[in-house]
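So the chains spell out like this:
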Amino acid sequence: MTAVFSHGRLRLYLLRLLDDGPKHGYELIRLLEERFLGLYVPSAGTIYPRLQRLEADGLVTHTAAGGRKVYEITEAGRAELRQRADEVTTLESDITASVEDLSALAGEIQTEVRGSVRDLKRELREATRQTRLTRWDRPTPTPQPRPATATSPSRPAAPADGDSPLLAEFDRRLAAFTVEVGALVRAGRLSDTQLRTAIRVLDGALDGLSRLLR
């Protein structure tokens, strides 16, 4: 859960959302995702236990509609919102600041990944060019006939010599990239939300590479 919702503040914000009208749990999850611009998406295991606690405290009630529980704030819930109006205002400000911070972090990570992808593309193109030049410069050996016998079956052709060093270099750089990213993330002590953002950025980079190498 993002730090802005520590110390029971998510419970208060759920009341705030329900004050706008009845909603089922999935709607509340989507509203929170939209409020955080997709950078934070609460799980059902985060939302539903709090709704159950709010209902046990008499602050919300629910009805069944289409196989779903639709939650509605009670008068007691509205009274709590009125009593804690200053906290709600502060919470909205903190959410806005948190979204700005998360957006800035996501932008920085995307910039770093885009730069890494550009460098990788350039290095792959250069390595491919060098490999082709090496193959073109290499004299073509004269094939030596070999009599076929029943006891000596033909063998598949060996891979070109130029492929092995290139693949080894790619593996080395990929391993170094993985280690460096892992060290940066662990040193930054990122929150769950920030880690999810980093994972999405890495998924985007992988998708870009997949399109490049098709």
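So, here is what we can say about the structure in this document.

Definitions and cut-offs
Residues numbered from 1 in each chain as written. Predicted model: local features only at pLDDT ≥ 70, side-chain atom pairs only at ≥ 80, totals over all residues. Heavy atoms only, no water. Pairing = 2+ DSSP bridges. Helix = DSSP H or I, 4+ residues; strand = E, 2+ residues; numbered from the N terminus. Buried < 20%, exposed > 50% of the residue type's maximum accessible area, 1.4 Å probe, protein only. Arc of directions from axis to C-beta. Axes fitted to C-alpha atoms, helices over the stretch in contact; angles between N-to-C directions. Parallel < 35°, antiparallel > 145°, perpendicular 65-115°, else oblique. Left-handed = near helix turned anticlockwise from the far one by under 90°. Contact = heavy atoms within 4.5 Å. Nonpolar A, V, L, I, M, F, W, Y, C, P; charged D, E, K, R; others polar. Core = buried A, V, L, I, M, F, W, Y, C linked by side-chain atoms within 4.5 Å. Salt bridge = Lys/Arg side-chain N within 4 Å of Asp/Glu carboxyl O.

## Thoughts on the sheet that holds strand β2 (residues 60-65)
Read across the sheet, 3 strands follow the order β1-β3-β2 without closing on themselves; strand pairing throughout is antiparallel. Across the chains shown, the open sheet's two edge strands, defined by having one partner strand only, are β1 (23-24) and β2. Both β2 and strand β3 (residues 68-73) contribute to a ladder of 6 bridges, which runs antiparallel. Residue pairing across strands places Thr61 opposite Glu72, the latter belonging to β3.

## Considerations on helix α4 (residues 75-83)
For α4, the set of buried residues is Gly77, Glu80 and Leu81. For α4, the arc enclosing every buried residue in end-on projection is 100°, short of the 170-degree limit, so these residues lie on one face. Summarising the geometry of α4, the exposed residues directed more than 90 degrees from the buried face are Glu75, Arg82 and Gln83.

## So, the packing of helix α1 (residues 9-18) against α4
Orientation of α1 relative to α4, taken along the N-to-C sense of each, is 115°, at an axis distance of 10 Å. Between α1 and α4, the angle is such that the two are roughly perpendicular. For the element pair α1 and α4, the recorded crossing hand is left-handed. Where α1 approaches α4, its residues Arg11, Leu12, Leu15 and Arg16 are matched on the opposing element by Gly77, Glu80 and Leu81. Per-class residue counts for the contact of α1 with α4 are 3 nonpolar, 1 polar and 3 charged.

## A closer look at the nonpolar core
One finds Phe5, Leu14, Leu32, Phe36, Leu51 and Ile95 to be the most contacted residues of the largest nonpolar core, which totals 28 residues. Where this core is concerned, the elements lending two or more residues are α1, α2 (25-35), α3 (44-56), β3 and α5 (85-137). Among the elements that take part in this core, α1 stands out by supplying 7 residues, more than any other. Once residues lying within four places of it in the same chain are set aside, the contact partners of Leu14 are Leu28, Leu32, Ile47, Arg50, Leu51 and Leu54.

## As for the pattern of salt bridges
This model, assessed by the stated rule, comprises 12 salt bridges. A salt bridge links Arg53 to Asp57, with the nearest nitrogen and oxygen atoms 3.5 Å apart. By relative accessible area, Asp57 is classed as partly exposed at 37%. One salt bridge connects Glu75 with Arg78, and the closest N-O pair in it is separated by 3.4 Å. Of this pair, Glu75 and Arg78 both sit in helix α4, separated by 3 residues, roughly a single helical turn.

Any functional reading would require information that these geometric values do not contain.
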